Amino acid sequence: MNLKIRNFGAIKNADIKVDGITVITGNNNTGKSTIGKIFYTFFNSFYDMETKIENSIKAKQQSVCIEELREALMSDQRLDGVPRQFIRIFTRRLTNKIIEDRENISREDIEKTILALSNRYLLKKEEIKLIEDLIVQVLNDKILREDYVIVDEIDLEKEIVARYFKSIFNDQINSLIDYETVAEIDVNIQKKNLNLIFKNNDCEEINGNLAILHQAFYLDDPFIADDLDKCFMESSFYEN
């Protein structure tokens, strides 16, 4: 495996070949930890990317759906007497049902979701009926349409990668010395590669055909390995 780094954090230029056990040495503050964290973040950000994208799309759909439902209910003055806590809980529960099976959501599902909470919040019959009518209208007008949430998966992938790197590097990806420079990471494994371009601490481009099949672990304290070994030896795995 080959790793190339350009203008990432304190590292101006680095070409690293990993072949078996690889030791990186150097003085303090020369980028050793940065290299380790780059390996860690690169592998874990791309590992199981399809699931990450699916979960992110679902989260965006849930957010939009809840917002639409709550807006419909809270903007209607006839429901001013309905507790806001009921609206928050009801719309969240109904949204979960919509996301799970959008095509088969029915008025009966809406009514059951309302009735499960109505006794607690002492809703009136006319309020329950009005809530049902408003929700059905919103579902038919917007949320049940196939295109009610449009997500660019390429942009979403870049967003996921940027989020991982920002988390590990405390929002500081590009060089502190020359902030306008473009940071680049290139990983090549068995003649397949992935190339990342960062600008203004965001992932601007992802290019390549390398599929990441494994996660990585990062230990910043050498004594952690001793503790882990002790835990494994004491676990039931080694009993009998």
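Details of the structure are given in the entry above.
Parameters and conventions
Residues numbered from 1 in each chain as written. Predicted model: local features only at pLDDT ≥ 70, side-chain atom pairs only at ≥ 80, totals over all residues. Heavy atoms only, no water. Helix = DSSP H or I, 4+ residues; strand = E, 2+ residues; numbered from the N terminus. Buried < 20%, exposed > 50% of the residue type's maximum accessible area, 1.4 Å probe, protein only. Contact = heavy atoms within 4.5 Å. Areas by Shrake-Rupley, 256 points an atom, 1.4 Å probe, with all protein chains shown as cover. Axes fitted to C-alpha atoms, helices over the stretch in contact; angles between N-to-C directions. Parallel < 35°, antiparallel > 145°, perpendicular 65-115°, else oblique. Nonpolar A, V, L, I, M, F, W, Y, C, P; charged D, E, K, R; others polar. Core = buried A, V, L, I, M, F, W, Y, C linked by side-chain atoms within 4.5 Å. Pairing = 2+ DSSP bridges. Patch = residues over 30% accessible without salt bridge, like charges linked within 9 Å, V, L, I, M, F, W, Y side chains within 5 Å. Salt bridge = Lys/Arg side-chain N within 4 Å of Asp/Glu carboxyl O. Lys, Arg positive; Asp, Glu negative; His and termini not counted. Charge placed at Lys NZ, Arg CZ, Asp CG, Glu CD.

S.K.: What is the right way to read the overall build of the chain from this model?
M.R.: Counting its secondary structure elements, the chain contains 7 helices and 5 strands. N-terminal to C-terminal, the α/β element order of the chain is β-β-α-α-α-α-α-α-β-β-β-α. Looking at the chain residue by residue over its 240 residues, the buried ones come to 37%. For the chain, the share of sequence-separated contacts (at least 6 apart) that also reach a separation of at least 24 residues comes to 65%. Taken as a whole, the chain presents about 15500 Å² of accessible surface, with 47% of it coming from carbon and sulfur.

S.K.: Would you mind going over the packing of helix 2 (residues 49–74) against helix 6 (residues 153–168) with me for this structure?
M.R.: Two numbers describe how helix 2 lies on helix 6: the axes approach to 10 Å, and their chain directions differ by 105 degrees. The angle between the axes of helix 2 and helix 6 places the two elements in the roughly perpendicular class. Of helix 6, the residues touching helix 2 (which contributes Met49, Lys52, Ile53, Ser56, Ile57 and Lys60) are Glu153, Leu156, Glu157, Glu159, Ile160, Val161, Arg163 and Tyr164. Of the residues that constitute the contact of helix 2 with helix 6, the class distribution is 7 nonpolar, 1 polar and 6 charged.

S.K.: What is the right way to look at the nonpolar core in this model?
M.R.: In a soluble, globular protein the nonpolar side chains are often hidden away together inside. Core analysis: the biggest nonpolar cluster contains 33 residues, and Phe8, Phe42, Phe165, Ile185 and Phe198 have the highest contact counts within it. Among the elements that take part in this core, helix 1 (residues 32–46) stands out by supplying 6 residues, more than any other. Here isoleucine 185 is in contact with Leu3, Lys4, Phe8, Ile38, Phe42, Phe165, Leu194, Asn195, Leu196 and Phe198, once residues within four sequence places are set aside. The next biggest cluster of nonpolar side chains, apart from the first, holds 25 residues, and it includes Phe86, Ile89, Ile110 and Leu134.

S.K.: Any chance you could explain the pairing of strand 2 (residues 11–17) here in plain terms?
M.R.: As a general feature of sheets, a regular strand has side chains that alternate between the two faces. Direction of pairing for strand 1 (residues 2–8) relative to strand 2: antiparallel, over a ladder of 6 bridges. By the bridge assignment, isoleucine 5 is partnered in strand 2 with alanine 14. Turn length for the strand 1-strand 2 hairpin, with the two strands adjacent in sequence and antiparallel, is 2 residues, and the turn residue glycine 9 shows positive phi of about 55 degrees.

S.K.: Could you clarify how one ought to interpret the environment of isoleucine 212 in this entry?
M.R.: If you trace the backbone, isoleucine 212 turns up in the loop between strand 5 (202–208) and helix 7 (224–234). Using a relative accessible area of 10% as the deciding quantity, one classes isoleucine 212 as buried. For the pair isoleucine 212 and phenylalanine 42, spaced 170 residues apart in the sequence, the C-alpha separation amounts to 9.1 Å. Once you skip the residues sitting within four places of it in the chain, isoleucine 212 turns out to touch Phe42, Phe43, Phe46, Tyr47, Asp48 and Leu194.

S.K.: Can you walk me through a negative patch on the surface in this structure?
M.R.: A cluster of acidic residues, Asp48, Glu50, Glu54, Asp152 and Glu153, forms a negative patch at the surface. Topologically, aspartate 48 is positioned in the loop between helix 1 and helix 2. Among the residues examined, aspartate 48 registers a relative accessible area of 37% and is labelled partly exposed.

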